[in-house]
Amino acid sequence: MPTFHLQHALKVLIIHKDIPPHQLKQSVQKISTSLRSTGSSSKLYRTTSKGLVPLIPRHTLTYGPVETAGYLASRTGTTYAAIRNVLIQLSKRVPSFQPTSVLDFGVGPGTALWAVQHTFDTIQEHVGVDISVDMLRVAERMGSRLGFNLLTKRYLPPQPQPADLVICAYTLSDMPSSQHEQTVQSLWDHTRDVLVLVDRGTPEGFNMIAKARAQILGLGNAHVVAPCPHDGACPMGRNRIHEDAKFSFVVLRRGLRPSVKSDAQSSVQGFAQGNVRHDKEFNTDMHTEANAQGDAQHDNEFNTDMHTAAYTWPRIIAPPLKRDGHVILDWCSPSGHLERATITKTKGGKMQYFEARKSHWGDTWPHPPVHVIPKQKKE
């Protein structure tokens, strides 16, 4: 299992650094305090003779050997899980995306590269950028464990060297806000196809991702792959972000948003009817091979239509409210509005009701809306 291999590699690397346990514990605490200083808790103050003073003054760490070991021990596992989750969504939404090159900005110990290797088996070129020399050395060792050579840099090249997949995970929040716009532009310039941005699931992290999303879409010739079902302004707003979100992310791709000729339900019905007629017309052994080829073509066309239609499916933005006899779903609609839908057996049928009860926060909803009301006005 990928997770087991990652855990084993982390143990080896931590042991290799030979950091005393008490220093490792102190390093973990320093990292936690630094992360809190750039999050919501940085807004907490205490009263002193000099006035209000932040409980945790904003600061970021310089990662040397001890801090790197602390990061390996405390942050790598959860960071890997978040990035892996996003990449799985990307691979499912765009199965034809088979990147051969990846650029990881803020590569750290190589966490995202592990997630990339466990998601795509087509990567041939790996580039990692990080200001910390010690982190780059660890990333190189992590890469060698996966069987590839990592080209490391301390800064992005001034002349873009585009990669099929560019990742920036938990890095923008470590940078001054004044550098965000220029950094996002540079990342997009280095993106040949897909850009993945991931950060903390806090109001600050959400706002950074939302601003980067708006910046790139404003350039034109780009669209959102996930999580949004539209390319319009985000309707959630900074005051409505869920505090218990684990991470914020957006996946952007060059080119216009795929157009949908028919909805997913029509595609399913049409191909189902076509297959029935096909089976009735060709029901002899001499046409077995022709049937197989025809079915394969139908399957390919069906999958293409479904993946295109998925761009217009609402995305559930909160834990479903499961009640006796009905389920309430809050979602972001393709129109760019937040809506609330009530799913019952009579309003939608048994299949929709069953799927609603099995749905989760973050899922897409492929069925036509039955009973939907606006949740809030679009800002």
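The structure we're discussing is the one just above.
Residues numbered from 1 in each chain as written. Predicted model: local features only at pLDDT ≥ 70, side-chain atom pairs only at ≥ 80, totals over all residues. Heavy atoms only, no water.

1. Overview of the overall build of the protein chain
Of the regular secondary structure elements, the protein chain holds 11 helices and 14 strands. The proportion of buried residues among the 379 residues of the protein chain is 46%. When contacts within the protein chain are restricted to residue pairs at least 6 apart in sequence, long-range pairs at least 24 apart make up 72% of them. A total accessible area of about 19,900 Å² is found for the protein chain, and carbon and sulfur atoms account for 54% of it. (Helix = DSSP H or I, 4+ residues; strand = E, 2+ residues; numbered from the N terminus. Buried < 20%, exposed > 50% of the residue type's maximum accessible area, 1.4 Å probe, protein only. Contact = heavy atoms within 4.5 Å. Areas by Shrake-Rupley, 256 points an atom, 1.4 Å probe, with all protein chains shown as cover.)

2. Quick notes on the pairing of strand β9 (residues 247–254)
It is a general feature of regular strands that their side chains alternate between the two faces of the sheet. With 6 of 8 residues buried, β9 lies mostly within the body of the structure. The pairing of strand β7 (residues 191–200) with β9 spans 7 bridges and is antiparallel. Paired with Asp199 across the bridge in β9 is Ser248. (Pairing = 2+ DSSP bridges.)

3. Some words on the nonpolar core
By size, the foremost hydrophobic cluster in this structure holds 36 residues, and its most contacted members are Leu87, Leu90, Leu165, Ile167 and Val196. Taken together, the elements giving at least two residues each to this core come down to α4 (76–93), α5 (111–117), α6 (133–146), β6 (163–169), β7, β8 (222–226) and β9. Top contributing element to this core by residue count: α4, with 6 residues. In this structure Leu87 touches Ala115, Val116, Thr119, Phe120, Leu165, Ile167 and Val196, once residues within four positions along its chain are discounted. Listed in part, the 25 residues of the second largest apolar core include Trp188, Leu197, Ile209 and Ala222. (Core = buried A, V, L, I, M, F, W, Y, C linked by side-chain atoms within 4.5 Å.)

4. Things to note about the side chain of Ser101
Structurally, Ser101 can be placed in strand β3 (residues 101–105). Engagement of the side chain of Ser101 in a polar contact is seen with the backbone nitrogen of Asp164, the distance being 2.9 Å. Residues in contact with Ser101, not counting those within four places in the same chain, are Ile123, Glu125, Ala163, Asp164, Leu165 and Arg192. (Polar contact = N/O pair within 3.5 Å; in protein donor to acceptor, adjacent residues only side chain to side chain.)

5. So, the state of the cysteines
A full pass over the atoms with the stated rule returns 0 disulfides. The closest cysteine sulfur to the non-disulfide-bonded Cys234 is located on Cys228, 6.1 Å from its own sulfur. Taking relative accessible area as the criterion, Cys234 reaches 30% and is therefore assigned partly exposed. (Disulfide = S-S within 2.5 Å.)

Honestly, that's just the spatial picture; any functional story needs more than this.
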